[in-house]
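# Structural characterization, general
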Amino acid sequence: MIVDRRQLLAGLAGTMAGLVAPAPGRAADDRPVVLTAGRRTLEVNGRAAPVFRLTQPDGTAGLSASVGTPFRVTLRNDTGADTLIHWHGLMPPYRQDGVPGISGPPIPPGGTASYDFPLGFPGTFFMHSHQGLQEQALLSAPLIVRDPSAHGDRQEVVLMLHDFSFRTPQEILDGLRHPKGAASAGMTAMPGMGQAHPGHGMAGMAMDLNDVAYDAFLANDRTLADPQVERVEPSGRVLLRIINASASSGFMIDLGPSTATLVAVDGHPVRPVRGSAFPLATAQRLDLAVDLGRQSMMPVFATLEGARARTGLVLATAKARIARLADRAASAAPPLGLGLERALRAAAPLATRAADRIHKVALTGTMAGYVWSLDGKVYGEDRPLGVARGERVELVMTNRTMMAHPMHLHGHMFQVVAIDGRRFAGAMRDTVLVPPNTSVTVAFDADNPGHWAFHCHNLYHMEAGMMTTVRYEGT
């Protein structure tokens, strides 16, 4: 049966749109919340599409909870295949981190796994499969940790972005590894792939922005042919939590003539930044404080970097008339860069301290054969990054490829402390974009012992080898 998007969102009161209202993070009697990884059929552009779901028994997608409470969850696998879910941005004990082969084995079909750890800080996070390529098929959901004392006068709206293809994820990866009619000199895109843009990469090379030609881009499971309209009060005050859960796409969040105040990135507060356009790399999140003022409606667009394709939702008062929204912007969004990153300052930075250990990591790889690596080694042949408990560690990531890489460290938050060697007290994050021919340095405190994945969050780059681990013991 094909599920109509309007029926889906109306029927699942706690789906992405439903996270506007508080949803329980655990049962009232303190029993674990049950999350089920399963399957569903979604209508995209008038066609039936088999995808995954990650829901509570009442249909709520993902979950929300309050800071200071336990993350107490039972995860059930009804997908019919092995799976394992990663709690992106949280800091669990490493055996509960959800990465097959690192934190533990995958959950077999029909099996369950239990999780119980404290939620130490609030923010906008998300959960997603770390098993194979399941994330591409929408096995992800919001994970919101609220501070009841913050943003209490603002209506919350969650906007979760996905890139979507009617091809299977394996077909996509096979096409990347074995393209037909390879492009010459890297200056044009390969058939079935996205644009290559000269002048943005390393000297004499073109920067490739979008490896995959997607069929649609989704905002809370919907396209702009039938967008979500989130009703707000006149002169509404909204906290817009935007999650880029795409597999390999970066977006420019575009408010058009309207403006908003950026108050947090990756769940961590920053000094406020006012603007109308905000870059959002794969796996990153933005919290925007929006004040509609006299406006009756405000479209929120997410435009694919280097392209005109876009998705989004609409904030509108009850009586506002909603005009049809084009799914292509008037002009292409620029490639994502680090202009905003350079301007961000953490509201609660790391304590000032010299690094005890510095790891220099080269981001390496090639489109030929579609091989991506760290220091020239694919995962499985890599050398784990050793640290010691209690150390202040810096990772200096230098991108020697023609693509940008959103680099994610599990189990820790880090601070961006330098770009191309220029030091500053940047944002606290868990995922940072490293464009071609650029060096980004991040610092973190080794205060959560274990074996932690460190990888590019472009799903196909990770699957092709751009991953290693950070390892240290508890004593």
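Residues numbered from 1 in each chain as written. Predicted model: local features only at pLDDT ≥ 70, side-chain atom pairs only at ≥ 80, totals over all residues. Heavy atoms only, no water.

### Focus: the overall build of the chain
- Along the chain, the regular secondary structure elements total four helices and 33 strands.
- Per-residue burial for the chain yields a buried fraction of 60% across its 475 residues.
- When contacts within the chain are restricted to residue pairs at least 6 apart in sequence, those whose partners lie at least 24 apart make up 74%.
- As displayed, the chain has an accessible area near 18200 Å², and 52% of this comes from carbon and sulfur atoms. (Helix = DSSP H or I, 4+ residues; strand = E, 2+ residues; numbered from the N terminus. Buried < 20%, exposed > 50% of the residue type's maximum accessible area, 1.4 Å probe, protein only. Contact = heavy atoms within 4.5 Å. Areas by Shrake-Rupley, 256 points an atom, 1.4 Å probe, with all protein chains shown as cover.)

### A look at the confidence of the model for the chain
- Averaged over the chain, the pLDDT score is 89; the fraction of residues at 70 or greater is 88%.
- Taken as a whole, residues 1–28 scores under 50 in pLDDT and shows 72 contacts with residues more than four places along the chain or in a different chain.
- This stretch, residues 181–205, has a pLDDT under 50; its non-local contacts, to residues over four places away or in other chains, come to 59 contacts. (pLDDT = per-residue confidence, 0-100.)

### Describing the pairing of strand 26 (residues 405–409)
- Of all five residues that make up strand 26, five are buried, and the element is covered over most of its length.
- A two-sided burial pattern is seen for strand 26, the buried positions comprising H405, M407 and L409 on one face and P406 and H408 on the other.
- Relative to strand 30 (residues 431–434), strand 26 is paired through four bridges, and the arrangement is antiparallel. Across the sheet, the residue bridging to M407 is V432, located in strand 30.
- Direction of pairing for strand 26 relative to strand 32 (residues 450–456): antiparallel, over a ladder of three bridges. Its bridge partner being in strand 32, L409 is matched across the sheet by F454. (Pairing = 2+ DSSP bridges.)

### With respect to the packing of aromatic side chains
- Inspection of every chain in the model, using the stated rule, returns nine aromatic pairs.
- Relative to F166, the ring of F164 has its centre 4.9 Å away and its plane inclined at 90 degrees; by these criteria the two rings are edge-to-face.
- A relative accessible area of 4% places F164 in the buried class.
- Judged by its relative accessible area of 25%, F166 is partly exposed. (Phe/Tyr/Trp six-rings, centres within 6.5 Å; stacked < 30°, edge-to-face > 60°.)

### Some remarks on the sheet that holds strand 32
- Reading across from one edge, 24-33-32-26-30 is the order of the five strands in this open sheet, with mixed pairing throughout. Only two strands of the sheet have a single neighbouring strand rather than two, namely strand 24 (385–386) and strand 30.
- Bridging between strand 24 and strand 33 (residues 467–472) involves two bridges; their strand directions are parallel. In the strand pairing of strand 33, L385 is matched with V470.

### Focus on the nonpolar core
- In this structure, I253, L262, F454 and Y460 are the most contacted members of the largest nonpolar core, which totals 88 residues.
- Every residue in contact with Y460, bar those within four places of it in the chain, is listed here: L133, Q136, P169, I172, L173, L176, V212, Y214, A247, S248 and Y370. (Core = buried A, V, L, I, M, F, W, Y, C linked by side-chain atoms within 4.5 Å.)

### What about the environment of D82?
- Mapped onto the elements, D82 comes out in the loop between strand 4 (70–77) and strand 5 (85–88).
- In this structure the C-alpha to C-alpha distance between D82 and P109, which are 27 residues apart in sequence, comes to 5.7 Å.
- Leaving out residues up to four positions away in the same chain, D82 has contacts with N77, P106, I107, P108, P109, Q131 and Q134.

### Here's the deal with the environment of P169
- Topologically, P169 is positioned in helix 2 (residues 169–177).
- Expressed as a C-alpha distance, the spacing of P169 and A247, which sit 78 residues apart in the sequence, is 9.8 Å.
- Excluding its chain neighbours within four sequence positions, the residues that come into contact with P169 are L133, Q136, A137 and Y460.

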